[in-house]
Amino acid sequence: MTLNPTCVAISGGVGGAKLALGLSHVLSPPDLAIVANTGDDFEHLGLAICPDLDTVMYTLADLSNKELGWGQEGESWAFLAALERLKGETWFRLGDRDLATHVLRSEMLRRGGTLSDATTFLCQALGIRHALIPMSDDAVPTLVRTGNGTRLAFQHYFVRDRCSPVVKGFEFEGVETARPSPGFRNVLGAGRLSSIVICPSNPFVSVDPVLAIPGVMDAINRASAPLIAVSPIVGGAAIKGPAAKMMKELGMPQTALAVARHYVGRVDGFVLDLVDKDYAFEVEALGMQVLVTNTMMRSLDDRIALARDVLGFAERIQRKVT
Ligand code: FO1
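The following refers to the structure shown. Every value quoted in this text rests on a predicted model; they were computed, and no experiment measured them.

1. Concerning the pattern of salt bridges
Thought 1: By the definition in use, this model includes 12 salt bridges.
Thought 2: Across the salt bridge formed by E171 and R145, the nearest N and O atoms sit 3.3 Å from each other. With E171 in strand β8 (residues 167–172) and R145 in strand β6 (residues 142–146), this pair connects stretches of sequence that are 26 residues apart.
Thought 3: Note on E171: relative accessible area 24%, which makes it partly exposed.

2. Topic: the site of the ligand
Thought 1: In the vicinity of the ligand lie 13 residues, with D40, D52, F92, R93 and Q155 positioned nearest.
Thought 2: Contact distances for the ligand include 2.9 Å between an oxygen atom and a backbone N or O atom of R93.
Thought 3: When isolated, the ligand has an accessible area of 530 Å², and the protein chains bury 89% of it.
Thought 4: Elements that contribute at least two residues to the shell around the ligand include exactly α2 (51–60) and α6 (154–160).
Thought 5: When the residues that make up the shell around the ligand are grouped by side-chain class, the tally is seven nonpolar, two polar and four charged.

3. Looking at the environment of H25
Thought 1: Topologically, H25 is positioned in helix α1 (residues 13–26).
Thought 2: H25 sits in the partly exposed class, given a relative accessible area of 44%.
Thought 3: Sequence separation of H25 and F184 is 159 residues, and the distance between their C-alpha atoms is 21 Å.
Thought 4: If near-sequence neighbours (up to four positions away) are discounted, H25 is found in contact with L300 and I304.

4. A short note on the packing of aromatic side chains
Thought 1: Applying the stated rule across the entire model yields seven aromatic pairs.
Thought 2: Relative to W91, the ring of F42 lies with its centre 6.1 Å away and its plane at 45°, an arrangement referred to as tilted. Taken together, the residues span a long stretch of sequence, with F42 in strand β3 (residues 42–44) and W91 in the loop between α3 (78–85) and α4 (96–110) at a distance of 49 residues.
Thought 3: The class for W91 is partly exposed, based on a relative accessible area of 22%.
Thought 4: Plain terms: the ring middles of F154 and F158 are 5.4 Å apart, the flat faces sit at 20° to each other, and that makes the pair stacked. Of the two residues, F154 and F158 both sit in helix α6, four residues apart, roughly one turn of that helix.
Thought 5: Judged by relative accessible area, which is 34%, F158 ranks as partly exposed.
Thought 6: Through a chain of ring-to-ring contacts, three or more aromatic side chains come together here, namely F42, W91 and F92.
Thought 7: Sitting above the plane of the W77 ring, R93 keeps its charged end 5.0 Å from the centroid.

5. Let's talk about the sheet that holds strand β10 (residues 227–230)
Thought 1: The strand order across the open sheet formed by seven strands is β5-β2-β1-β9-β10-β13-β14, and the pairing between neighbours is parallel. With partners counted over all chains shown, the strands left at the sheet margins are β5 (131–134) and β14 (289–293), one partner each. Strand after strand, the sheet turns through a mean of 20° between neighbouring axes, direction not considered.
Thought 2: In the sheet, strand β1 (residues 7–11) pairs with strand β2 (residues 32–36) via five bridges, with the strands oriented parallel. Its bridge partner lying in β2, C7 is registered against L32.

6. Concerning the sheet that holds β8
Thought 1: A sheet is described by the order of its strands in space; here three strands give the open sequence β7-β6-β8, paired in antiparallel fashion. Pairing within the sheet leaves two strands with one partner each, and these edge strands are β7 (151–153) and β8. Sheet twist, expressed as the average angle between the axes of neighbouring strands with direction ignored, equals 30°.
Thought 2: Pairing analysis gives five bridges linking β6 to β8, with the strands arranged antiparallel. Pairing of T146 across the sheet is with V167, part of β8.
Thought 3: Running at roughly 35° to β8, helix α8 (residues 203–212) makes contact with β6 and β8 of the sheet.

7. Focus on the side chain of H44
Thought 1: The topology assignment puts H44 in strand β3.
Thought 2: Look at H44 and you get buried, because its relative accessible area is 3%.
Thought 3: Leave out the neighbours within four places in its chain, and H44 touches I49, E89, W91, F92 and L94.

Cut-offs used in this document
- Residues numbered from 1 in each chain as written.
- Predicted model: local features only at pLDDT ≥ 70, side-chain atom pairs only at ≥ 80, totals over all residues.
- Heavy atoms only, no water.
- Salt bridge = Lys/Arg side-chain N within 4 Å of Asp/Glu carboxyl O.
- Helix = DSSP H or I, 4+ residues; strand = E, 2+ residues; numbered from the N terminus.
- Buried < 20%, exposed > 50% of the residue type's maximum accessible area, 1.4 Å probe, protein only.
- Near = heavy atom within 4 Å.
- Polar contact = N/O pair within 3.5 Å; in protein donor to acceptor, adjacent residues only side chain to side chain.
- Areas by Shrake-Rupley, 256 points an atom, 1.4 Å probe, with all protein chains shown as cover.
- Nonpolar A, V, L, I, M, F, W, Y, C, P; charged D, E, K, R; others polar.
- Contact = heavy atoms within 4.5 Å.
- Phe/Tyr/Trp six-rings, centres within 6.5 Å; stacked < 30°, edge-to-face > 60°.
- Lys NZ or Arg CZ within 6 Å of the ring centre and 35° of its normal.
- Pairing = 2+ DSSP bridges.
- Axes fitted to C-alpha atoms, helices over the stretch in contact; angles between N-to-C directions.

Okay, structure coming up:
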C-alpha cells in the first residue's frame, strides 16, 4: 500500500505515543503515518523486543498499560514467575499478553520478514488502521556512554540499571549503514505532506536516532512540510523518563529552551507548554516559529487538543514558508 499521508509523526516512549494517539483521533488513516524509534530495541531471551513500536501499537489499539507506561493492560505474569523459578533473567518484565507479541514478531523475523512487515501484520491483527512504521528495518541499537567510560545497551541503562549511570553521550550503533525503512522513505516523499511532527519524546534516545539515519534529514528538508518539535520538557522537568537527568549530566540546563537549542537548525517550529511561555522570544531568536499551548496530556481530550494545535501551527508555518 503506497502511503500518501498529510502528516508524519515521529514517536518514542510514552509521551510520543500520547500525541500519536491524539493525532490518530484527528486524522483519518490515509492522512497519518507514525514512525517509531527502534533504538530501544534489543534481543532478550532470544526474542526481538521493540518497546517504542509496541507502546504506540498498544496505545492505538487501546490495550496499553497506563500504570506501567509500557506493555498491555490487564496483564498476567505467569511466564515471568515460571522464568524466576527457572532462575532466568527477570529484570526485564515480560507479561503473558505482551509475550505473544514478542514471540510472533521474533518468528516473523526469523523467517526472513522485515520489521516493517512484522509491524504491519501485528497492527492489522489488532485492528489498527493508521500506519505504524519502524524508523529502519536495520538494527540501530542505542548505546549509552556512561561516566566510567563503559557503553551500556539502552535497556541495560534504562531498566536493569534504572537510569542510574551518569550519561556522557550516546551512540547509535550501525547508524552509518542503516537505511530508513521503505515506509519511512515513502511517507517523507509524500506529495500531500503538510506536517512532520516530533512528538514529545526524549530528544537524545527517542528522536536523535530517527533523525540520524542517513537520508532522513535530507528527505525532511526536501519536503515542503515544516518539521515541528513538541518539547518533552515542561517547567524544567521531563513528564516521564530520564530526559532531564540526561540533560543535567550532559551539562545542559533542564529547560524547554535547551531542548530547542538541541534542535536548532533542524526544526522549523517548536511547541512550548504554557508554563514555559517566557522562552518564546529566545526560541524565536534561534530561528524557529513558536507555538505556546497546553502540552500536558492528561486526558484523551488533551491529546486531541494538542494534536489539533500542532496541525494548525503547521498550517500557519506552511503558509509562511511557501
Ligand atoms: N520498562 C521498565 O522500566 N521495566 C520493565 O521491566 C520493562 C519491560 C518492558 C517490556 C516490553 C516493552 O515493550 C517495554 C518494557 N519497558 C520496561 C519499557 C522499555 O524499557 C522502553 O524502552 C521505555 O518505555 C522507554 O522507551
